[in-house]
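Structure assessment
What follows is the residue order along each chain.
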Amino acid sequence: MENKQAIDRLLAVMAKLRDPDGGCPWDIEQTFETIAPYTIEEAYEVADAIARGDMKDLKEELGDLLLQVVYHSQMATESGADLRFTFEDVAAGIADKMIRRHPHVFGDATVESAAAQTKAWEEVKAEERRLKGKAERESLLDDLPLALPALTRAEKLQKRAARGGFDWPETRQVLAKIDEELFELRTELDAGAATDRLEDELGDVLFTIANLARHLKIDPEEALRRTNRKFEKRFRAVEQALGQDGRAMQETPLDELERLWQAAKGVERR
């Protein structure tokens with residue numbers, strides 16, 4: 001009951017913020033399109049709190065993300081009859097979907113492995129599309145959101161393609177493809193190619209690296225986030241070392257910066 005009261009309170013707060021009579025001018029002006037970027041940002045902040053292992057921050061960020069669901073639901077509640085839905089509709093819909101897609105948990109079906117569950121999940125999704133009167137997928141690549149981060153979408157495109165057998169059987173073949181793509185990029189660079197050609201070749205390198213991540217069963221976004229955190233920690237250590245000596249980074253020779261960088265790496269290994 002306490003949880004229901006908390007949700008009801010949040011819904012009431014959001015309705016008040018959107019109320020033309022005494023609500024917040026900024027909140028009243030927002031639309032699905034203007035709020036969408038905030039929704040994506042809040043999801044990333046949840047992921048960041050998890051990566052940092054900060055449970056206090058995670059609780060707060062999950063609240064911010066929940067607010068986004070409530071925000072969109074409130075705007076839908078205010079919409080015309082053909083578009084209208086409520087937060088309760090959203091909650092009921094996802095609960096029904098989870099029950100429907102897990103017959104081995106909520107029904108009599110059995111699933112032998114995670115791989116078998118993935119296959120069964122796709123079969124249920126296909127049946128849902130049929131019941132909704134949606135056309136069958138014309139391509140294995142249909143329905144992948146364009147708004148996904150590029151590395152994530154690349155990995156998902158490759159995963160879909162692999163379902164059709166379009167995949168390298170060996171991880172080393174992917175490594176060889178990376179070498180090939182790097183050679184093509186180097187060739188264009190040496191030839192003084194225009195920026196659009198270099199961008200094209202660099203994109204091929206990144207796409208193939210995302211494929212390597214898939215073969216290694218590593219999330220490319222998380223791998224890059226981890227490296228970003230590592231870079232930031234080391235860079236700050238270099239800045240601190242220079243600050244202790246009263247030196248500016250811009251006036252420090254590159255070989256000295258490299259020495260300090262390696263020293264920062266050495267501290268991490270201890």
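Procedures and definitions
- Residues numbered from 1 in each chain as written.
- Predicted model: local features only at pLDDT ≥ 70, side-chain atom pairs only at ≥ 80, totals over all residues.
- Heavy atoms only, no water.
- Helix = DSSP H or I, 4+ residues; strand = E, 2+ residues; numbered from the N terminus.
- Buried < 20%, exposed > 50% of the residue type's maximum accessible area, 1.4 Å probe, protein only.
- Phe/Tyr/Trp six-rings, centres within 6.5 Å; stacked < 30°, edge-to-face > 60°.
- Salt bridge = Lys/Arg side-chain N within 4 Å of Asp/Glu carboxyl O.
- Core = buried A, V, L, I, M, F, W, Y, C linked by side-chain atoms within 4.5 Å.
- Contact = heavy atoms within 4.5 Å.
- Expected span 1.5 Å × (residues − 1).

A separate point is unusual backbone geometry. Non-glycine residue K217 carries a positive phi angle of around 60°. Here K217 is to be found in the loop between α10 (195–215) and α11 (220–244). Residue class for K217 comes out exposed when judged on its relative accessible area of 75%.

Two aromatic rings, taken as a pair, are described by how far apart their centres are and by the angle between their planes. One pass over the structure, following the stated rule, counts three aromatic pairs. Judged by centre distance (5.8 Å) and plane angle (20°), the rings of F231 and F235 are stacked. Residue F231 and its partner F235 are located together in helix α11, separated by four residues, close to a single helical turn. Judged by its relative accessible area of 46%, F231 falls in the partly exposed class. A relative accessible area of 29% places F235 in the partly exposed class. Between the aromatic rings of F231 and W261, the centroid separation amounts to 5.3 Å while the plane-to-plane angle is 45°, which identifies the pairing as tilted. Here W261 lies in helix α12 (residues 254–269) and F231 lies in helix α11, a separation of 30 residues in the sequence. An aromatic cluster of at least three residues, connected via ring pairs, comprises F231, F235 and W261.

Here we come to the pattern of salt bridges. Side chains bearing opposite charge may pair, as long as their charged atoms lie close to each other. For the structure on display, the rule yields 17 salt bridges. We note a salt bridge from D200 to R197, for which the minimum N-O separation is 3.1 Å. On the criterion of helical spacing, the pair formed by D200 and R197 is a turn pair, its members being three residues apart in helix α10. Here D200 falls in the partly exposed class, since its relative accessible area comes to 40%. R197 gets classed as partly exposed once you look at its relative accessible area, which sits at 31%. We note a salt bridge from R225 to E222, for which the minimum N-O separation is 3.2 Å. Of this pair, R225 and E222 are both found in helix α11, three residues apart, which corresponds to roughly one turn of the helix.

Below, the discussion takes up the nonpolar core. With seven residues, the main nonpolar core is built from L11, M14, I35, V70, Y71, M75 and F87. Of all the secondary-structure elements, those providing two or more residues to this core are α1 (2–17) and α4 (55–77). A per-element tally of this core places α4 first, with three residues. When neighbours within four sequence positions are excluded, L11 is seen to be in contact with V70, F87 and E88. Counting five residues, the second largest nonpolar core, distinct from the first, contains L242, L257, L260 and W261.

Given 3.6 residues to a turn, an α-helix orients residues that are three or four positions apart in the same direction. For helix α3 (residues 32–52), which comprises 21 residues, the first-to-last C-alpha distance of 30 Å matches the rise-based estimate of 30 Å (1.5 Å per residue) to within 8%. The secondary structure elements touched by the buried residues of α3 are α2 (25–29) and α4. Once α3 ends, the next one or two residues include G53, with phi positive near 65°.

The next point concerns the environment of D142. In this structure, D142 sits in the loop between α7 (114–131) and α8 (150–163). Judged by relative accessible area, which is 26%, D142 ranks as partly exposed. D142 sits 29 residues away from T171 along the chain, and the two C-alpha atoms are 26 Å apart.

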